[in-house]
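Architecture and fold: a report
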Amino acid sequence: MAFDLDMIKQVYSRLGSRVEAARKATGKPLTLTEKILYTHLTEGAAQHAYTRGVDYVDFAPDRVAMQDATAQMALLQFMQAGRPKVAVPSTVHCDHLIQAKIGAESDLDTAKSQNKEVYDFLASVSDKYGIGFWKPGAGIIHQVVLENYAFPGGMMIGTDSHTPNAGGLGMVAIGVGGADACDVMAGLPWELKFPKLIGVKLTGKMSGWTSAKDVILKVAGILTVKGGTGAIVEYFGDGAQSLSATGKGTICNMGAEIGATTSIFGYDTKSEAYLRGTERAAIADLANTVKEHLTGDAEVYANPELYFDQVIEIDLNTLEPHVNGPFTPDLAWPISKFAQAVRENGWPTKLEVGLIGSCTNSSYEDITRAASIAHQAVTKNLKTAAEFTITPGSELVRYTVERDGYLGTFEGMGGVVLANACGPCIGQWARHTDDPTRKNSIITSFNRNFAKRQDGNPNTHAFVASPEIVTAFVIAGDLTFNPLTDSLTNEQGQQVKFDEPMGIELPVKGFAVEDAGYQAPALDGSKVEVKVDPKSSRLQLLDPFSAWEGTDIKGLKLLIKAKGKCTTDHISMAGPWLKFRGHLDNISNNMLIGAINYFNDKADTVKNELTGEYGPVPATQRDYKAHGIGSIVVGDENYGEGSSREHAAMEPRHLGVRAILVKSFARIHETNLKKQGMLGLTFANPEDYNKILEDDTFDIVGLTDFTPGKPLHVMIHHADGTNDSITVNHTYNAQQIEWFKAGGALNIIRKQMAK
């Protein structure tokens, strides 16, 4: 699990020169975010990178982290690159596939049994290609990264939206799809639109019930779930320096809920203390030699409105604890106004379950603050009124808090300790309820609370707060209770109040663990066999996609003309299909089943031009493929918006779709199509969408002279014998055209590695 000190030295060795070059190019002082981004530009990145929000730029991240659900397809793709080892330090973390039902030990045993073939594959492929493997039970990816790999000034991508957690240690850490992770592991640059910057100035110092969680709950209320889109949020000020490193991690983690690309804090004494406390003194020593570059320039923080696109100021002295929700993480309520909001909105006042932990709030400090409230339930003779679960973020934290007696404190008030995994936060939870149709309330210290996220029940009103506020509500069992001011009646009939929570940032006796759950890769992976059962329904080795035949593509059938919104969820539905994430052929049975057919206003019902009958989209396309016939998909505006799910691009490619022709693309999906060797085309005249008829056949003309900036043409052959010729645009650059010709970006890498 050792961090790569040589890699960190390399980053720090170029940090100063890159900062000076950027100051010269821009003619101004720099934010911390800019310093790190400029340090990680690829050598050939264009100078227009210095203009924020203008263009897409190539970066070279320092490392990749993958969770088990998304790692499967990312690694199956990487295996096609022909590399003997990943190009950058990478890790896999088994945290998403463990369902919380009974308790930690039982649930972990069940997960190991049910997911054995997936875990065996991930362990063996990691072993072979030099990837660190964190076994099931080791912990949640973001907490484990913060404890072991995050470092000030670094840049990381991770296949999970809460990767920004590492920003708590001064790292630009960004959530991506598996295709992006695959590219970086294969040695390709990573493309990002140079972000806008939002500055959050924190002044003062928190006290009492207020915690770092309340900072991001407040920010979410200000910016809403979309206010951070396309921006990186940089926190600064004396208030920022007063927060613990893990508290900063909590804030950065939940920054995903405002749509931010990532969030970040500068390096300070709290960062140094955490690095030393987690046995990374060598990194702290290195960081101290370049610490002036691991924070924004003084001029920036003195006049932030001149250097950020937006500035928010929060006074920690007056910040109240918050409770956000229900159904959205940006509906923010100060605790003093929450009870009134519950009553006025008719939300269920009875609290049924409280849940603390997850990747957002599972640090030693979080656990100790919550345990200080739990302890009062026992000492003040208060009976716990709601169910209570505790999810440690890592085995390191779990072992240490058990050693120090805090897990016993929770169990003493009736709490159930779950496995070190995502569990209830992502819906991997067997909710206990006597009536799922009843409106009910739960409260968590997690990050997201959208309808049905935690328990699949649209009637569940989920609220978000700090672990200590959650614990107090669990004891009270009533959402109109204010733990700061109200009293409770104990079992002796006495009126008692909670004392303020007390926490410890780092364990006095240091962290301890018997088995952190880490498996180092083989020194020589050449003889390691990747474990995939050919009969498996969950895993399937990939075959390289075929190269372009070198001619115009003719005789394509129309698979579907999608009407209206067609997101990646419409193209590759999630839910029950997620278990097939590692099996391309099986998951392809969900291809476009959510898209609405323009010609009948129905989902998953299209005309098979070979039989004249209507049937499911995937089955129709499989019939075309069996007969050696290609097809085309036609779509509306912003086709492929939503998550960066690479399956939405791989499934059509796998089943024989040759081109996607739409009014406009969501950029990430368009790029994913290019990476898979697909043609992503747009109507030069959006009105030509109306010329597409159900029985049409298509020729794509001009491919033998496929050139950046030069339109192609599509000949539409109608069933009545008439034809239409339309112009279609594309955004392929020279490199991406080579991807198309080779049949995919990874085919290029494989050819290069074979030389």
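This section reports on the structure supplied with the text. (Residues numbered from 1 in each chain as written. Predicted model: local features only at pLDDT ≥ 70, side-chain atom pairs only at ≥ 80, totals over all residues. Heavy atoms only, no water.)

A few words on the overall build of the protein. Of regular secondary structure, the protein possesses 25 helices and 30 strands. In terms of overall dimensions, the protein is globule-like: its C-alpha atoms have a radius of gyration of 27 Å, near the 27 Å expected for 755 residues. Principal-axis analysis of the C-alpha atoms places the extent of the protein at approximately 90 × 60 × 55 Å. Burial analysis of the protein (755 residues in total) assigns 61% to the buried set. Contacts spanning at least 24 positions in sequence make up 75% of the contacts within the protein whose residues lie at least 6 apart. Counting every atom, the protein has about 27,400 Å² of accessible surface; 49% of that belongs to carbon and sulfur. Taking the average location of the 72 positive side-chain charges in the protein and that of its 88 negative ones, the two points are 2 Å from each other. (Helix = DSSP H or I, 4+ residues; strand = E, 2+ residues; numbered from the N terminus. Rg over C-alpha atoms; globule rule 2.2 N^0.38 Å. Buried < 20%, exposed > 50% of the residue type's maximum accessible area, 1.4 Å probe, protein only. Contact = heavy atoms within 4.5 Å. Areas by Shrake-Rupley, 256 points an atom, 1.4 Å probe, with all protein chains shown as cover. Lys, Arg positive; Asp, Glu negative; His and termini not counted. Charge placed at Lys NZ, Arg CZ, Asp CG, Glu CD.)

Let us now look at the pairing of strand β25 (residues 631-635). Of all 5 residues in β25, 5 are buried, a share of seventy percent or more. Summarising the sheet, strand β22 (residues 553-561) and β25 pair through 4 bridges and their orientation is parallel. What sits directly across from Ile 560, in β25, is Val 633. Bridge count between β25 and strand β26 (residues 657-662): 5 bridges; the pairing is parallel. When the sheet's bridge partners are listed, Ser 631 is paired in β26 with Val 657. (Pairing = 2+ DSSP bridges.)

Let us now look at the sheet that holds strand β4 (residues 132-134). Taking strand neighbours across the sheet as the criterion, the 6 strands line up as β6-β5-β2-β3-β4-β21 in an open arrangement whose pairing is mixed. One side of each edge strand has no neighbouring strand; the edge strands of this open sheet are β6 (172-175) and β21 (518-519). Note: strand β5 (residues 155-158) against β6, 4 bridges, orientation parallel. Bridge pairing in β6 places Met 156 opposite Ala 173.

Structurally, Asp 68 is set in helix α3 (residues 68-78). Despite its burial, Asp 68 pairs with no opposite charge, the nearest such side chain being Arg 581 at 7.7 Å. One polar contact links the side chain of Asp 68 to the main-chain amide nitrogen of Asp 95, over a distance of 3.2 Å. If near-sequence neighbours (up to four positions away) are discounted, Asp 68 is found in contact with His 93, Cys 94, Asp 95, His 96, Leu 97, Tyr 119 and Leu 122. (Salt bridge = Lys/Arg side-chain N within 4 Å of Asp/Glu carboxyl O. Polar contact = N/O pair within 3.5 Å; in protein donor to acceptor, adjacent residues only side chain to side chain.)

Quick look at the nonpolar core now. In terms of nonpolar packing, the biggest core is built from 108 residues, with Tyr 12, Phe 59, Met 66, Leu 75, Phe 121, Leu 122 and Trp 190 touching the most fellow members. What Trp 190 contacts, discounting residues up to four positions off in sequence, is Val 57, Asp 58, Phe 59, Pro 61, Met 155, Ile 157, Ile 174, Val 176, Asp 180 and Val 184. Ile 356, Ile 367, Val 470 and Leu 488 belong to the second-largest nonpolar core, a separate cluster that totals 44 residues. (Core = buried A, V, L, I, M, F, W, Y, C linked by side-chain atoms within 4.5 Å.)

Counting buried residues along β22, 7 of its 9 residues qualify, which places the element largely inside the surrounding structure. In this structure, β22 lies alongside strand β28 (residues 697-701), joined through 3 bridges in antiparallel fashion. The residue of β28 that forms the bridge with Lys 557 is Thr 697.

What links the strands of a sheet is backbone hydrogen bonding, and the strands pair in either a parallel or an antiparallel sense. Strands sit in the order β22-β25-β26-β27-β30-β29-β28 around a closed barrel of 7 strands; the barrel is mixed. Strand-to-strand twist of the sheet, defined as the mean angle between neighbouring strand axes without regard to direction, takes the value 40°. (Axes fitted to C-alpha atoms, helices over the stretch in contact; angles between N-to-C directions.)

Another aspect to go through is the environment of Val 92. Note on placement: Val 92 falls in strand β3 (residues 90-93). Under the relative-accessibility criterion, Val 92 is labelled buried at 0%. Sequence-wise, Val 92 and Leu 316 are 224 residues apart; in three dimensions their C-alpha atoms are separated by 37 Å. Val 92 has contacts with Met 66, Ala 71, Leu 75, Leu 122, Ser 126, Ile 131, Gly 132, Phe 133 and Trp 134, leaving out every residue within four places of it along the chain.

In contact at an axis separation of 7 Å, helix α24 (residues 734-742) and helix α25 (residues 745-754) are set at 85° when each is read in the N-to-C sense. Classified by the angle between their axes, α24 and α25 sit roughly perpendicular to one another. Together, Glu 738, Trp 739 and Ala 742 of α24 and Ala 745, Asn 747, Ile 748 and Lys 751 of α25 make up the contact between the two elements. When the residues that make up the contact of α24 with α25 are grouped by side-chain class, the tally is 4 nonpolar, 1 polar and 2 charged. (Parallel < 35°, antiparallel > 145°, perpendicular 65-115°, else oblique. Nonpolar A, V, L, I, M, F, W, Y, C, P; charged D, E, K, R; others polar.)

This part covers the pattern of salt bridges. Counted according to the given criterion, the structure contains 36 salt bridges. The salt bridge involving Glu 402 is made with Arg 398; its shortest N-O contact spans 3.0 Å. Within this pair, Glu 402 and its partner Arg 398 are both found in helix α16 (residues 395-403), separated by 4 residues, close to a single helical turn. Salt bridges sharing partners connect three or more residues here, namely Glu 352, Arg 431, Asp 434, Arg 438 and Asp 455.

Now for the packing of aromatic side chains. Under the definition given, this model contains 26 aromatic pairs. Ring centres of Phe 481 and Phe 498 lie 6.1 Å apart, and the angle between their planes is 75°; this geometry places the pair in the edge-to-face category. Placement of Phe 481 in the loop between α18 (467-476) and β19 (488-489) and of Phe 498 in the loop between β20 (495-496) and β21 is noted, with a sequence separation of 17 residues between them. Given a relative accessible area of 6%, Phe 481 falls into the buried group. Classification of Phe 498 as buried rests on a relative accessible area of 8%. (Phe/Tyr/Trp six-rings, centres within 6.5 Å; stacked < 30°, edge-to-face > 60°.)

As a further point, take unusual backbone geometry. In the segment running from Gly 325 into Pro 326, the intervening peptide bond is cis, with an omega of 5°. With respect to the secondary-structure elements, Pro 326 resides in the loop between β12 (322-324) and β13 (332-334). For Phe 327, which is not glycine, the phi dihedral falls at a positive 70°. Within the element layout of this structure, Phe 327 appears in the loop between β12 and β13. Non-glycine residue Ser 358 carries a positive phi angle of around 75°. Mapped onto the elements of the fold, Ser 358 is located in the loop between β14 (351-357) and α15 (364-379).

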